[in-house]
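# Working through the structure, step by step
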Amino acid sequence: MVKPGIYIRILLKNRLLSAISLIGLALGISSCIFISLFVIDEFTYDSRHENLDRIFRVTTRINSENSTEHVVISPSAVADAFRENFPEVSEAVRFMNMGTETTIKRGNLLFKEASVFKADSSVFRVFSYRILKGNPRTALAAPQRVVLTESIAKKYFAGEDPMGKAINMSGREFLVTGIMEDIPLNSDLRFPMLASMDSSDYSGDWFDFSYINYVMFDRESMKAPGFRLSLEKKIAALVEDKINGPLREHKQSTTCTLHLQPLKGLHFQAPLLYDTPKGNRNYSFIFSSVAFLILIIACLNYINFSIVQSVGRSKEVGVRKVVGAAFSQLILRYIGESLFFTLLALLLAGAVTVVLMPVFNELTARNFTASHLLDPKVLPVLLSILFVVGIIAGSYPAFFTSSIRPVQALKGKVATPAGQFVRKVSIGIQFFISIGLLICTGIVSGQMSFIKKYDLGFRKDNVLVITSPADSSRYDKFRVFKQYLRGQASVQSVALGGVGSLPGSLQEMGSVTIRTDGKEDVRMVSFNAVDEDYLPSLGIGIVQGRNFDGRMSDFKNSVLVNEAFVKMMGWENPLAQQVSWKGSYRNVIGVVRDFHFRSLYNKVEPQLITHHGNDISHVFVAFHGSSLPDRMDDLNKKWNEIFPDEPFAYNFLDETVNAQYRNEQKAMRVFTCFSALTIVISFLGLFGLTSLTVYQRKKEVGIRKIAGAPYISILALFAREYVMLIVFLILLVSPLCWWVMSRWLESFPFRDSINLSIFLATSACTVLVSFLTIAFALSRISTSKLTTLIGEQ
């Protein structure tokens, strides 16, 4: 049994190579830990719910003659209908979103909270939300009750017990009847609080599409043969009776179908209209592959450094064999060294992971802590790394070292295994992976830059958006605030917007009836409600007709449509058409140029633009040139004078638009960091291999120096084979990257072309840094004693 102190002395004897090998391996392991945390978190969405495999979300597909929309919302009557008509359903619950943002008052304090929901009292029987205070059965059983999450309770009631106290939500008092644990970040539906439903929230109307419905099925019923098929037939019959039949009676061509989406795996489903943010399974697979590749590179480096050190310890092996050490004893000894070294690297990787965890959380918008390293799902990953690197990667150097012949070892004449072939294969694999990742990262970065610079058809820069709940009773106050803003020197224009007016946010949908040649046609279209200054403020052009101009007839009798709407209808003269909206026919007075209200993943959709009808939810403030408000405190003060019951909540329009690509941006940052790490580890490996090569040819180097050979010629001698190999790898991996990334870019309806400069820049930088790495390794060896780099026993 070899004591750890001996292993430590061996490492200290070869300080430089041991340190480089340890750092490279620790960085590789730390990368694997980070990516494992991310991937495990992605694949365990909503896993805390005990009934996860029994919970399904009810969605609606709305079909018109030329369009289909799949939305997450469904009629308010669905939950009760499923409970009453389907014995397979053991429970159901409705959620109703209270708006984009909800104003909360607690004494003199004002807050804005996003994603506040109302829910049925059955919510705690369906979902496994942990109640810390209160009774889950009765907490939401009465009107105007609310259950707060733990962090919100601390925010509103610092140092107080919130139970039994009241908060004001959107002008109504709600009694706090429960405190629940914060919703984990890896949950599909997250909220700061849940309020109870009351009679005014629930119409029971099959045409009131305002709810997110979940149903939970009986476990035994789900096991029955043909369960899914039988259920689908029952749902289709119910929809025919309650929705499609009445639509046909009113001579409408629109039809609806209800669908069930299992909550398990919902995070990786394609997002529907009005959906919560979804993950990308491909990114998880890509990150897992990157983690595996990084581990391969780290293992190859470890093997190479072990061989370098083994060459220097050949005399030790010879002595041990001469005194009778068996082959198996030597194998166990060197594998023991490998396990000890890997354990040190694992401990160092753990420390690096903890230190860099805040940075990783910022990159991925997660909330990992050091305690996650002890998670039962993560520990097997750490043990696997210890086994793979310590035993499998350590076996090759161990067998090589133990197989050295005693006579050769004592004379110091030891040849490395398979000579140049092993070295070239090793460095080839590392740089093939690293160069490929760098090229792919460059192409992803180029597409993200293309998206940011793409002309969306509206102005997004230097536009301040102030948000408030839509309320027609405060329209006069909004006009006063608008006049105040217009008087500011830095302000170019001000517009008021209502429902659906914020580009880059959740788009509002509605059905419209179009009258053409005496025939009526119903279509689902996007809509937004604006004033006459909206289009000029955002730079949206008119291609036919006119904009709203403030006249009273525009208020109820006029609409605008976009070019996509005209194309959908096939109109030759759009200004002669009428569209029924909110019960009355309105004249089309103008056609606006198409603009990308949604992300570039979506094509421009038909859009109806109406007057806001005094229901204002957003104030758009466009500033001159690049000037931004330098006196936000004054705006805040003026807002509080006019709207004392509303907090001053604002953001910039470009932030809202860019938020649509948050997942891609996070993935790109993570991918960039780990791609850069692979190339760093590869260059560490190149340094080690160069050290090995020079050690083997140290006599040749000495003779050349004595003969007066210049340093540059010696450098060219050693650099030539590696640089040529790297150039060959660049030529080999580039077509593969081109093909893979071309397929990835196809997911974007609007995309950039692959730029050749990415390949040239990556190639040039890789060759240059490789040459400098070799030069550094050679200078270290040729200008100092070899034993300072490779300890000889």
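Quick caveat: nothing in here was measured; it's all calculated off a predicted structure.

In this section: the overall build of the protein chain. Of the regular secondary structure elements, the protein chain holds 23 helices and 25 strands. Evaluated residue by residue, the protein chain yields a buried proportion of 52% over its 793 residues. Considering only intrachain contacts with a sequence separation of at least 6, the fraction spanning at least 24 residues in the protein chain is 80%. Looking at the protein chain as shown, the accessible area adds up to about 35,600 Å², and 58% of this sits on carbon and sulfur atoms.

Okay, the environment of L745 next. Locating L745 in the fold gives a position in helix α22 (residues 711-745). C-alpha separation for the pair L745 and I443, spaced 302 residues apart in sequence, amounts to 9.2 Å. Once residues lying within four places of it in the same chain are set aside, the contact partners of L745 are I443, Q447, R751, D752 and I754.

Direction of pairing for strand β8 (residues 131-133) relative to strand β11 (residues 172-180): antiparallel, over a ladder of 2 bridges. Each residue of the ladder has a partner; that of I131, found in β11, is M180. Pairing of strand β9 (residues 145-149) with β11 involves 5 bridges; the strand directions are parallel. Across the sheet, the residue bridging to V147 is G178, located in β11.

Turning next to the pattern of salt bridges. Counting across every chain of the model gives 27 salt bridges. R57 is paired through a salt bridge with D275; the nearest N and O atoms lie 2.9 Å apart. In this pair, R57 sits in strand β1 (residues 55-63) while D275 sits in the loop between β14 (255-262) and α8 (281-312), placing the two residues 218 residues apart along the sequence. Two residues, D531 and K482, come together in a salt bridge whose shortest N-O distance is 2.9 Å.

On the surface, I712, L768, V769, F771 and L772 cluster together to form a nonpolar patch covering roughly 440 Å² of accessible area. In terms of residue count, helix α23 (residues 756-782) provides more of the nonpolar patch than any other element does, 4 residues in total. Its place among the elements puts L768 in helix α23.

In this section: the packing of aromatic side chains. Counted according to the given criterion, the structure contains 32 aromatic pairs. Judged by centre distance (4.9 Å) and plane angle (45 degrees), the ring pair of F43 and F268 falls under tilted. Of this pair, F43 sits in helix α2 (residues 15-43) while F268 sits in the loop between β14 and α8, placing them 225 residues apart in sequence. Overall, F268 belongs to the buried group, its relative accessible area being 13%. Ring plane angle 85 degrees and centroid distance 6.5 Å describe the contact between Y650 and F652, whose orientation is recorded as edge-to-face. On the basis of relative accessibility, which here comes to 39%, the residue Y650 falls in the partly exposed class. Among the aromatic residues, those joined into a ring-pair cluster are F478, F481, Y484, W639, F643, F648, Y650 and F652.

Turning to helix α18 (residues 632-642), a few remarks are in order. Among all positions of α18, only M632, L635, W639 and I642 are buried. Along α18, the residues classed as buried sweep out an arc of 90 degrees about the axis, all on the same side. In this structure, α18 carries D633, K637 and E641 as exposed residues pointing more than 90 degrees from its buried face. On the buried face of α18, the contacting elements are β15 (463-467), α14 (475-486) and β25 (649-652).

Core analysis: the largest hydrophobic core is formed by 105 residues, its most contacted members being F287, F431, Y534 and F674. No other element matches α22, which puts 16 residues into this core. Once you skip the residues sitting within four places of it in the chain, F287 turns out to touch I35, F38, V39, A667, V670 and F671. Ranked by size, the runner-up nonpolar core spans 30 residues in total, among them F56, V72, L247 and L273.

Turning our attention to the confidence of the model for the protein chain. Any residue range with low pLDDT should be treated as having predicted coordinates unsuitable for detailed reading. With 84% of its residues at a pLDDT of at least 70, the protein chain reaches an overall mean of 80. This model gives residues 782-793 a pLDDT under 50, and the stretch forms 29 contacts once residues within four places in sequence are excluded.

For S115, which is not a glycine, the phi torsion comes out positive at approximately 60 degrees. Looking at where S115 falls in the secondary structure, it is placed in the loop between β6 (109-114) and β7 (117-119). S115 sits in the partly exposed class, given a relative accessible area of 30%. Positive phi is not limited to glycine here, since N462 has a value of about 60 degrees. Mapping N462 onto the fold places it in the loop between α13 (419-453) and β15.

The subject of this paragraph is the environment of K477. For K477, the location among the structural elements is in helix α14. In the structure, K477 is positioned 165 residues away from I642 in sequence and 6.5 Å away in space, judged by C-alpha atoms.

Let us now look at the packing of α14 against α18. The geometry of α14 relative to α18 is characterised by a closest axis approach of 10 Å and an angle of 155 degrees between their N-to-C directions. Comparing their axes, α18 and α14 come out roughly antiparallel. Classified by chirality, the crossing of α18 by α14 is right-handed. Packed against α14, whose contacting residues are K477, F478, V480, F481, Y484 and L485, the element α18 presents D634, L635, K638, W639 and I642 at the interface. Looking at the contact of α14 with α18 residue by residue, the classes come out as 8 nonpolar, no polar and 3 charged.

Computed from the structure, the second largest pocket encloses a volume of approximately 510 Å³. Lining of the second largest pocket is provided by 19 residues; of these, D41, R48, N186, F368 and H372 occupy positions nearest its centre.

What follows is about α22. Taking 1.5 Å of rise per residue, the 35 residues of α22 would be expected to cover 51 Å, and the 47 Å separating its terminal C-alpha atoms lies within 8% of that figure. Of all the bends in α22, the greatest measures close to 45 degrees and is centred on A719.

Another aspect to go through is the side chain of T44. Following the sequence through the fold, T44 ends up in the loop between α2 and β1. At a separation of 3.3 Å, a polar atom in the side chain of T44 contacts the main-chain carbonyl oxygen of D41. Apart from the residues within four sequence positions on either side, T44 is in contact with N186 and K377.

In this fold, S18 is placed in helix α2. According to the relative accessible area criterion, S18 is buried, its value standing at 6%. In sequence terms S18 and F341 are 323 residues apart; their C-alpha atoms lie 9.2 Å from each other.

The rules behind these values
- Residues numbered from 1 in each chain as written.
- Predicted model: local features only at pLDDT ≥ 70, side-chain atom pairs only at ≥ 80, totals over all residues.
- Heavy atoms only, no water.
- Helix = DSSP H or I, 4+ residues; strand = E, 2+ residues; numbered from the N terminus.
- Buried < 20%, exposed > 50% of the residue type's maximum accessible area, 1.4 Å probe, protein only.
- Contact = heavy atoms within 4.5 Å.
- Areas by Shrake-Rupley, 256 points an atom, 1.4 Å probe, with all protein chains shown as cover.
- Pairing = 2+ DSSP bridges.
- Salt bridge = Lys/Arg side-chain N within 4 Å of Asp/Glu carboxyl O.
- Patch = residues over 30% accessible without salt bridge, like charges linked within 9 Å, V, L, I, M, F, W, Y side chains within 5 Å.
- Phe/Tyr/Trp six-rings, centres within 6.5 Å; stacked < 30°, edge-to-face > 60°.
- Arc of directions from axis to C-beta.
- Core = buried A, V, L, I, M, F, W, Y, C linked by side-chain atoms within 4.5 Å.
- pLDDT = per-residue confidence, 0-100.
- Axes fitted to C-alpha atoms, helices over the stretch in contact; angles between N-to-C directions.
- Parallel < 35°, antiparallel > 145°, perpendicular 65-115°, else oblique.
- Left-handed = near helix turned anticlockwise from the far one by under 90°.
- Nonpolar A, V, L, I, M, F, W, Y, C, P; charged D, E, K, R; others polar.
- 1 Å grid on protein atoms, 1.4 Å probe; cavity = no way out; pocket = protein on both sides within 12 Å on 5 of 7 lines; lining within 4 Å.
- Points joined across faces, edges and corners; volume = space filled by probe spheres on them.
- Expected span 1.5 Å × (residues − 1).
- Bend = angle between axes of the 7 residues up to and from the residue.
- Polar contact = N/O pair within 3.5 Å; in protein donor to acceptor, adjacent residues only side chain to side chain.

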